[in-house]
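# Descriptive analysis of the structure
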Amino acid sequence: MSSILMNKTRSRIVRFLLRNGPSSCGQIGIHLDASPSKVRRHLQLLRDAGLVQHSSAKFSASPEHVQRHVGALAAGFHVSVMPPQGPASMNQEQILPLGPQLGRRSS
């Protein structure tokens, strides 16, 4: 569920709410220069993920909930994208040969 913040629009919405406090869908849309339907769709996804709350026609974001999701996203990124460090973790096919051509431009 942490991938919910990988979308640029949703990330901008969360940042806006954290900075500005409770805001209406219209206020968010004006700031993001986005249509109301687009903002509502993203807000619903954020709400389903527990990142934003809705009350009295205003949406808000909890820094604690956002931090928990960001932490999970960072942990997932580290495990799935960042390879283990050190030459012992590489096999021969992963090591690129460095030759005399390195740094030279071809004519």
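Figured I'd write up the structure that's included with this text. None of the values given here were measured: they were computed from a predicted structure.

### Overview of the overall build of the protein chain
In terms of regular secondary structure, the protein chain is built from 4 helices and 2 strands. Residue burial in the protein chain is summarised as follows: out of 107 residues, 27% are buried. Within the protein chain, residue pairs in contact and separated by at least 24 positions form 55% of the contacts whose partners lie at least 6 positions apart. Accessible area of the protein chain: about 7,900 Å², with a carbon and sulfur share of 57%.

### Re the side chain of Arg10
Mapping Arg10 onto the fold places it in helix H1 (residues 8-20). For the buried Arg10, no salt bridge is present, and the opposite-charge side chain at shortest range is Asp48, 10 Å distant. Ignoring any residue separated from it by four or fewer positions in sequence, one finds Arg10 in contact with Ile4, His42, Leu45 and Leu46.

### Some words on the pairing of strand S2 (residues 58-61)
In regular strands, side chains alternate between the two faces of the sheet. With burial as the criterion, only one face of S2 is covered, namely that bearing Phe59 and Ala61; the residues Lys58 and Ser60 on the opposite face remain uncovered. When strand S1 (residues 52-55) meets S2, the two strands line up antiparallel, connected through 4 bridges. Bridging across to S2, Gln53 finds its partner in Ser60. Between S1 and S2, which pair antiparallel one after the other, the connecting turn spans 2 residues, and Ser56 there sits at a positive phi close to 50°.

### Topic: helix H3 (residues 36-48)
If you check H3, its first and last C-alpha atoms are 18 Å apart, about what 13 residues at 1.5 Å a residue would give, namely 18 Å. Listed in full, the buried residues belonging to H3 are Val39, His42, Leu43 and Leu46. For H3, the angular spread of buried residues about the axis comes to 105°, placing them on one side. Contact partners of the buried residues in H3: H1, helix H2 (25-32), S1 and S2.

### Description of H2
Taken as a whole, H2 has its buried residues at Cys25, Ile28, Gly29 and Leu32. Summarising the axial view, the buried residues of H2 lie within an arc of 100°, below the 170-degree limit, and thus occupy one face. On its buried side, H2 packs onto H1, H3 and S2. Taken from the residues just after H2, Asp33 is the one with a positive phi, measuring 55°.

### So, the packing of H1 against H3
Axis separation between H1 and H3 bottoms out at 10 Å; the angle between their running directions is 80°. Viewed along their axes, H1 and H3 adopt a mutual orientation that is roughly perpendicular. Within the contact between the two elements, H1 uses Thr9, Arg10, Ile13, Val14 and Leu17 and H3 uses Lys38, Val39, His42, Leu43, Leu45 and Leu46. Looking at side-chain class alone, the contact of H1 with H3 contains 7 nonpolar, 2 polar and 2 charged residues.

### Regarding the nonpolar core
If you look at the biggest cluster of nonpolar residues, it comprises 19 residues, and the most contacted ones within it are Leu17, Ile28, Leu43 and Leu46. Taken together, the elements giving at least two residues each to this core come down to H1, H2, H3 and S2. Here the element with the most residues in this core is H1; it accounts for 4 residues. Setting aside residues no more than four positions away along its own chain, Ile28 makes contact with Ile13, Phe16, Leu17, Ser23, Val39, Leu43 and Phe59.

Calculation criteria
- Residues numbered from 1 in each chain as written.
- Predicted model: local features only at pLDDT ≥ 70, side-chain atom pairs only at ≥ 80, totals over all residues.
- Heavy atoms only, no water.
- Helix = DSSP H or I, 4+ residues; strand = E, 2+ residues; numbered from the N terminus.
- Buried < 20%, exposed > 50% of the residue type's maximum accessible area, 1.4 Å probe, protein only.
- Contact = heavy atoms within 4.5 Å.
- Areas by Shrake-Rupley, 256 points an atom, 1.4 Å probe, with all protein chains shown as cover.
- Lys, Arg positive; Asp, Glu negative; His and termini not counted.
- Salt bridge = Lys/Arg side-chain N within 4 Å of Asp/Glu carboxyl O.
- Pairing = 2+ DSSP bridges.
- Expected span 1.5 Å × (residues − 1).
- Arc of directions from axis to C-beta.
- Axes fitted to C-alpha atoms, helices over the stretch in contact; angles between N-to-C directions.
- Parallel < 35°, antiparallel > 145°, perpendicular 65-115°, else oblique.
- Nonpolar A, V, L, I, M, F, W, Y, C, P; charged D, E, K, R; others polar.
- Core = buried A, V, L, I, M, F, W, Y, C linked by side-chain atoms within 4.5 Å.

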